[in-house]
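Reading the structure
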Amino acid sequence: MPVGLFRVCLLVITAIVNHPLFFPKDNGTVPENTEEIIQKMKEREESLRLEQLRLEQEIADQEATQKALEQAAVVVEESKEEKVRWDMWTALSMVIFLLIELWRQDFQEGNWQDTGGEEDDMAVLGKAFKGVAFPDKAVLASFYEKRILATTGDMARMREMVEGFADDLLEALRSVCNRDADMEVEDCMGVGSMYENWRVRKPFVCDLIVPFAPPEPYCFCCQTWCSGDSFPPDEQGYGTIKVCRADEGCICDKTKLGEDMLCLLHSQVSSTRPSSEMEDLLCFKNTQYLDADQVMKWFQIAVTKAWNRISHKYEFDLSFSLLDSPGALKIKFKSGKSIAFNLTPVVQYENSDVYFISHFPRSSLAADVPSSTHWFLSFAVYERRFIQLVSKTLPANACHVSCLQILSFLHGKQCSLTGPSGLTNYHLKTVLLHLLQARPSQDWAPEKLEARLQDMLKFLEKCLHEKKLYHFFIGNGKVPAELGFPIIFQRAEPLNLFRPFVLRRDIYRKMVDTFHEMLRNMSALINEYTVHIPLAHTNGIRKE
């Protein structure tokens, strides 16, 4: 019992001691601080969660941007490849379209006549001259004897008379010129059909070229389209001439002297003159390039002065026959007769017989000169020498000149009926030069006149069809070495004489029309000047 009571008392005392009222008030704030800590921890957790979300969003945005850039790069690459493929297809389509268009136009131009669906008229010569009445040997022989030989007998006497007068005129020209300021004029040379003995149509006109050079201390520096610098396609066949001051010493290009020799013609010290004198005289404005128009004016004035000095010696008058050709002269006799000739100033290319020519009298070869500082190159001297060289290897009385004379006569007659065309006598001569080189000597025997004339017509028809007739010398590596032809022109690209007609289709069509009309009218034109020949001697069309 006392033990039980003691336990009860002890329990009561313990309960009283542990009552909250007996603890200090500071101990009662513990629960409140715990709640603040928990609240701060929650806020911190929330801020960390937001920061994590922000970082995740930034990472997602960066990944999206990177992916977008990669996709854009892929799209650009694909678009480039697609564009390249499209450009290739576009270019290929344009090429195919142009080829079809050119073929269509050529096909249309080839059908000048309605042939009933049989053959193209452009191939008429290649098909045994269908529809063309070609004269036979007897008719051609009679025509040549009556029309050609009968009218060319006075050419030699005319050439002699013109050359003698031209020499006298040039000598007077030298005397009236200032040797220290004016151009130095050399002796003239005869070129062209009159000196190659194939001119047949009147009036007979002698073509003479007159080389000239600048006075000391100047010289000509010539540059051609094939000398290295690039020339546009429309300037092929042309060159420029620059007026330069020569270096100290002898500037004579006609002699090659050693270092210990002195030229007696040219002194070592030359008096200097302002370069403006040469530029004002013969060069294009503000340049050093020789101007063809200035040369034409100078030459015409010089010829006029020369004639005034010697006119008292002659019983005829001399005048300029063409305003645009300063060297186109005409001698008028008191009887009313007249003789025409051309005296054309030229510039020699280096030490060769190639010449820069200022203008072409009565010719359309230089009708579209790029500018007055561009000079056309003439190979007329080499052409004459080549014909003379080949003639020595041909049979006696060869028919090559006869072929060119007959073809030139027919072309001239046709042009008088239907008007001039782009086809010229120079084109006809070029055809002959190519055939002279291609065919053996025995093929030019006099009895083969008919066959060779047909060859020339076939060759010309082929060139017209292809719009290609290459210059005989330029790009021709087979030129005989005996001619001494400059190698720079042999190595040049061939020059197509028909190139101007590729773009000017109206002139090309007129040229082809004229050629076909000449074929159809050939028999009538020849029979007009032929004595009557029995019908039994004419066989119409023949093959070689």
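Residues numbered from 1 in each chain as written. Predicted model: local features only at pLDDT ≥ 70, side-chain atom pairs only at ≥ 80, totals over all residues. Heavy atoms only, no water.

Along the backbone of the protein chain there are 15 helices and 10 strands. Of the roughly 31800 Å² that the protein chain leaves accessible, carbon and sulfur atoms contribute 56%. (Helix = DSSP H or I, 4+ residues; strand = E, 2+ residues; numbered from the N terminus. Areas by Shrake-Rupley, 256 points an atom, 1.4 Å probe, with all protein chains shown as cover.)

Another aspect to go through is the pairing of strand 8 (residues 338-348). Most of strand 8 sits inside the fold, with nine of its 11 residues counted as buried. In this structure, the hairpin formed by strand 7 (residues 328-333) and strand 8 is closed by a connection of four residues, where G336 is found at a positive phi of approximately 105°. Alignment of strand 8 against strand 9 (residues 355-357), held across three bridges, turns out to be antiparallel. The partner of V347 across the bridge, within strand 9, is F356. In this antiparallel pair of consecutive strands, strand 8 and strand 9, the connection spans six residues, and E350 shows a positive phi of 50°. (Buried < 20%, exposed > 50% of the residue type's maximum accessible area, 1.4 Å probe, protein only. Pairing = 2+ DSSP bridges.)

Under the defined criterion, the tally for this structure stands at 15 salt bridges. We note a salt bridge from E46 to R49, for which the minimum N-O separation is 2.4 Å. Taken together, the residues span about one helical turn, with E46 and R49 both in helix 2 (residues 30-110) at a distance of three residues. The class of E46 is partly exposed, set by a relative accessible area of 35%. (Salt bridge = Lys/Arg side-chain N within 4 Å of Asp/Glu carboxyl O.)

Residues with a pLDDT of 70 or more make up 74% of the protein chain, whose mean pLDDT is 78. Predicted confidence is poor over residues 248-275, with pLDDT under 50, and the contacts of this stretch with residues over four places away or in other chains come to 31 contacts. (pLDDT = per-residue confidence, 0-100. Contact = heavy atoms within 4.5 Å.)

Let us now look at the packing of aromatic side chains. Counted under the stated rule, the structure contains 27 aromatic pairs. Ring geometry for W307 against F316: centres 6.0 Å apart, planes inclined by 10°, an arrangement best described as stacked. A relative accessible area of 9% means that F316 is categorised as buried. Summarising the aromatic geometry, the rings of Y349 and F356 are spaced 6.0 Å apart at their centres and angled 65° between planes, so their arrangement reads as edge-to-face. Through pairs of rings, three or more aromatic residues link up here, namely W225, Y349, F356, F379, Y382, F386, F472, F473, F485 and F489. When the ring centre of Y195 is taken as reference, the NZ or CZ atom of R159 above it lies at 5.9 Å. Note that R245 overlies the ring of Y218, its terminal NZ or CZ placed 5.3 Å from the centroid. (Phe/Tyr/Trp six-rings, centres within 6.5 Å; stacked < 30°, edge-to-face > 60°. Lys NZ or Arg CZ within 6 Å of the ring centre and 35° of its normal.)

Relative orientation of the contacting elements helix 3 (residues 137-148) and helix 9 (residues 400-418) amounts to 75°, with a least axis distance of 11 Å. Judged on the interaxial angle alone, helix 9 and helix 3 are roughly perpendicular. Contact with helix 3, carried on its side by L140, F143, Y144, R147 and I148, involves S402, Q405, I406 and F409 of helix 9 and no other residues of that element. A per-class count over the contact of helix 3 with helix 9 returns six nonpolar, two polar and one charged. (Axes fitted to C-alpha atoms, helices over the stretch in contact; angles between N-to-C directions. Parallel < 35°, antiparallel > 145°, perpendicular 65-115°, else oblique. Nonpolar A, V, L, I, M, F, W, Y, C, P; charged D, E, K, R; others polar.)

An α-helix turns once every 3.6 residues. As a result, residues three or four positions apart point the same way. In a regular helix each residue adds 1.5 Å, so 19 residues correspond to 27 Å; helix 7 (residues 292-310) covers 27 Å between its end C-alpha atoms and thus fits that length. For helix 7, the full list of buried residues reads A292, V295, M296, W298, F299, A302, V303, A306, W307 and I310. Seen end-on, helix 7 carries its buried residues on one side only, within an arc spanning 165°. Facing away from the buried side of helix 7 by more than 90 degrees, the exposed set consists of K297 and N308. (Expected span 1.5 Å × (residues − 1). Arc of directions from axis to C-beta.)

This next bit is on the nonpolar core. L169, L290, F341 and L343 are the most contacted members of the largest nonpolar core, which has 114 residues in total. Among the nonpolar cores identified, the runner-up in size contains nine residues, and V191, Y238, V346 and V381 belong to it. (Core = buried A, V, L, I, M, F, W, Y, C linked by side-chain atoms within 4.5 Å.)

What follows concerns the environment of D180. Mapping D180 onto the fold places it in the loop between helix 4 (155-176) and strand 1 (184-185). Relative accessible area serves as the criterion here: at 58%, D180 is assigned to the exposed category. Once the C-alpha coordinates of D180 and E216 are considered, the two residues, 36 residues apart in sequence, prove to be 7.2 Å apart.

Turning our attention to unusual backbone geometry. Each neighbour pair has its own omega, and for K202 with P203 the value is 0°, a cis peptide bond. Following the sequence through the fold, P203 ends up in the loop between helix 5 (193-196) and strand 3 (205-213). The peptide bond linking E216 to P217 adopts the cis configuration, its omega dihedral lying at 5°. Looking at the secondary structure, you find P217 in the loop between strand 3 and strand 4 (218-224). Positive phi outside glycine occurs at E350, with the angle close to 50°. Checked against the element boundaries, E350 lands in the loop between strand 8 and strand 9. Residue classification places E350 among the exposed positions, given a relative accessible area of 52%.

Together, W89, L92, I96 and I100 make up an exposed nonpolar region whose accessible area comes to about 430 Å². Inspection of the secondary structure puts W89 in helix 2. Residue W89 is classed as exposed on the basis of its relative accessible area of 57%. (Patch = residues over 30% accessible without salt bridge, like charges linked within 9 Å, V, L, I, M, F, W, Y side chains within 5 Å.)

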